[in-house]
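Notes for the structure review
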Amino acid sequence: MAGTHRSMFFKMNNVIQDYAWGSKTSIEALFGIANPEAKPQAELWMGAHANGCSEIEVQGEAVKLSDFIATDPDAIIGAQTQQQFGELPYLFKVLAAENALSIQVHPNKQQAEVGFAKEEQMGIARNAANRNYKDPNHKPELVFALTPYQAMNGFRQIDEIATQFNALEIPAISELVVAFNANQTEAGLRDFFAAMLSLEGEQKASAVNALLAYSEAHKDQPLFALLLDLAEQYPGDIGLFAPLMLNVLTLQPGEAMFLSACTPHAYIKGTGLEIMANSDNVLRAGLTPKYMDVPELVANTYFTPMAFDSLLLAPTKAENGSHYTIPVPDFKFSVYKQVENITLAVNSAEIIFAIDAPVTLTHSNGDTVVIDKGQSVFIPAYAEQYQVTCTGSFARAYN
């Protein structure tokens, strides 16, 4: 760390990922981030991830955040974080979905370590299409809605799933439904889920076509209107049955949801903030043209239903902010609204993101920075504390 004066605040220049499912208008509309080529602006990444590392300015030069951290990790991300994780342990995003993302399950930490080691031993290239485990880490996630944000998360109650499929009366899957009716347990749900995802050829096509015919006849119901919409995005995909098995909900702006390991979920449409552990491990369960390994998926999935009214994550209100209790050490997330010169203590590297108004940060050493909505600032652990003023809302990512 050259020089006697260490900067406390670093404005971030963040990568925007143009995945095909992304919105071409939402990030520009919310934050004024120009999109002259009208590309999908799917995700804005804030962090030190190798696939989209933010840049900061250090002594007048643009530097990758990961390179800056490497100059003095104990001071920059904090000695405890460095010892436990060896890196900035989270990736912070704006996620803007125009179309649905694939239905996914993320392995827990132990499963990821075992699966990664096994695929390394097998010699499967890390960028291979049939690779399940890109790293030995789990991928818990939290999403905080900025607009109405539709998603699927966790299994419905088992009897509710059975009722949905009985109403369809689809001949192509009648044997599977009869077997499920006779075994309405978590084991029965596992077998039914695996069998549905394994359908192929004429049986699969017949089942999907019958589902769409039923949906067309019941499109006045939101669930079946959704199925028809998803069918336009992913024609013929077996994942079209997923909304009958999974909880479908729409978060309103300001609401948040945690997505646990081993739980099937999908983002359908909307813009939100997302924070996650640093991992690319995804096991897919439909709504995707990509590789699906059904046995591995099933082995990494919990088939315990999730009560619908338990899906939203209620914050704790304290110290001028809303704080979301997260059951993993990789990250913390808070949102502050209309604060004037409050003091925040720093124990780890932090990222502040301005949601809807300018944010002013000051430090006792004289450093100050102002970021506008849609902008972010990186704060090293060595800052120890700082003051913030904002007439609107800002989000704080830390660990």
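Points about the overall build of the chain
When you go through the chain residue by residue, the secondary structure sums to 12 helices and 21 strands. Over its C-alpha trace the chain gives a radius of gyration of 22 Å, about what one expects of a compact globule, namely 21 Å for 399 residues. Counting all 399 residues of the chain, 54% fall into the buried class. The contacts of the chain with a sequence gap of at least 6 include a subset with a gap of at least 24, amounting to 76%. Within the structure as shown, the chain displays about 17,300 Å² of accessible surface, and the carbon and sulfur contribution to it stands at 49%. Averaged over its 24 positive side-chain charges, the chain has a centre that lies 2 Å from the centre of its 44 negative ones.

Re the pattern of salt bridges
It is possible for side chains bearing opposite charge to pair when their charged atoms get close. Considering all chains together, one arrives at 14 salt bridges under this definition. The salt bridge partner of R126 is E120, with a shortest N-O separation of 2.9 Å. In this structure, D191 engages R190 in a salt bridge whose closest nitrogen and oxygen atoms are separated by 3.3 Å. Residue class for D191 comes out partly exposed when judged on its relative accessible area of 42%. Here the residues in one salt-bridge network are E119, E120, R126 and R131, joined through shared partners.

Observations regarding the environment of T25
Here T25 shows up in the loop between β2 (15–17) and α1 (26–31). A relative accessible area of 53% means that T25 is categorised as exposed.

Points about the environment of T263
Tracing the chain through its elements places T263 in the loop between β11 (256–259) and β12 (265–277). Sequence spacing of T263 and M306 is 43 residues, and the spatial spacing of their C-alpha atoms is 9.4 Å.

Description of the pairing of strand β20 (residues 376–379)
Along β20, one buried face is formed by S376 and F378 and the opposite face, lined by V377 and I379, is buried too. Both strand β1 (residues 10–13) and β20 contribute to a ladder of 2 bridges, which runs antiparallel. Bridging across to β20, F10 finds its partner in F378. Bridging between strand β17 (residues 350–354) and β20 involves 4 bridges; their strand directions are antiparallel. Bridge pairing in β20 places F353 opposite S376.

Focus: unusual backbone geometry
Glycine aside, residues mostly have negative phi angles, and peptide bonds mostly take the trans form. The backbone phi angle of E319 is positive, close to 50 degrees, even though this residue is not glycine. Looking at where E319 falls in the secondary structure, it is placed in the loop between β14 (316–318) and β15 (321–324). Classification of E319 by relative accessible area gives exposed; the value is 67%. Phi is positive for N320, close to 70 degrees, though the residue is something other than glycine. Look at N320 and you get exposed, because its relative accessible area is 53%.

Things to note about helix α8 (residues 186–197)
One full turn of an α-helix is made of 3.6 residues, so residues set three or four places apart face in the same direction. Over its 12 residues, α8 extends 16 Å from the first C-alpha to the last, a length consistent with the 16 Å expected when each residue adds 1.5 Å. For α8, the full list of buried residues reads G188, L189, F192, F193, A194, M196 and L197. In this structure, the buried residues of α8 make contact with β9 (149–155), α6 (158–168), α7 (174–182), α11 (242–245) and α12 (294–299).

Here we look at the packing of aromatic side chains
All told, the structure shown has 19 aromatic pairs when counted by the stated rule. Ring geometry for Y149 against Y267: centres 5.3 Å apart, planes inclined by 75 degrees, an arrangement best described as edge-to-face. Of this pair, Y149 sits in strand β9 while Y267 sits in strand β12, and the two are 118 residues apart along the sequence. Its relative accessible area of 4% is what places Y267 among the buried residues. By the ring-pair criterion, three or more aromatic residues cluster together here, those being F31, F92, F144, Y324, F333 and F353.

A look at the nonpolar core
By size, the foremost hydrophobic cluster in this structure holds 62 residues, and its most contacted members are F92, F144, L273, F333 and F378. Not counting residues up to four positions away in its chain, the partners in contact with F378 are M8, F9, F10, M12, L65, F68, I69, I76, L88, A349, E350 and I351. F192, M196, L230 and A285 belong to the second-largest nonpolar core, a separate cluster that totals 51 residues.

Let's talk about the packing of α6 against α7
Two elements in contact, α6 and α7, have axes separated by 10 Å at closest approach and are oriented at 150 degrees. Classified by the angle their axes make, α6 and α7 are roughly antiparallel. Here the hand of the crossing between α6 and α7 comes out left-handed. Contacts between α6 and α7 involve I158, I161, A162, F165 and N166 on the former and, on the latter, V177, F180 and N181.

The rules behind each value
- Throughout, a residue's number is its position along its own chain's written sequence, starting from 1.
- Residues qualify for local features only when their pLDDT is at least 70, as the model is predicted, and side-chain atom pairs are given and counted only at 80 or more; totals for whole chains, interfaces and linings, by contrast, use all residues.
- Excluded from the side-chain calculation are hydrogens and water; included are all heavy atoms of the structure.
- Counting from the N terminus, the helices are the DSSP runs of H or I reaching at least four residues and the strands are the DSSP runs of E reaching at least two.
- Each radius of gyration is computed over the set of C-alpha atoms, and the globule rule expresses the reference value as 2.2 Å times the number of residues to the power 0.38.
- Working definition: with a 1.4 Å probe on protein chains only, accessible area under 20% of the residue-type maximum means buried, over 50% means exposed, and in between means partly exposed.
- Residue contacts are counted whenever heavy atoms from the two residues lie within 4.5 Å of one another.
- Computed with a 1.4 Å probe, the accessible areas rest on the Shrake-Rupley method; for each residue, only the protein chains presented here act as cover.
- By the counting rule applied here, Lys and Arg register as positive and Asp and Glu as negative, while His and the ends of each chain are not counted.
- By convention, charge coordinates are those of NZ in Lys, CZ in Arg, CG in Asp, or CD in Glu.
- By definition here, a salt bridge exists when the distance from a side-chain nitrogen of Lys or Arg to a carboxyl oxygen of Asp or Glu is within 4 Å.
- Note: two strands are recorded as paired if DSSP finds a minimum of 2 bridges between them.
- Expected helix span is computed as 1.5 Å times (number of residues minus one).
- Side-chain rings of Phe, Tyr and Trp, where Trp is taken by its six-membered ring, are said to pair if the distance between their centres is within 6.5 Å; with planes under 30 degrees apart they count as stacked, over 60 as edge-to-face, and otherwise as tilted.
- Among the buried residues, those of types Ala, Val, Leu, Ile, Met, Phe, Trp, Tyr and Cys that are joined through side-chain atoms within 4.5 Å form a nonpolar core.
- Note on geometry: axes are C-alpha line fits, over the in-contact stretch for helices, and angles between N-to-C directions span 0 to 180 degrees.
- Should an angle lie under 35 degrees it is considered roughly parallel, over 145 roughly antiparallel, and from 65 to 115 roughly perpendicular; all remaining angles are considered oblique.
- Handedness of each helix crossing follows the sense of rotation of the near helix against the far helix: counterclockwise by less than a right angle gives left-handed, clockwise gives right-handed.

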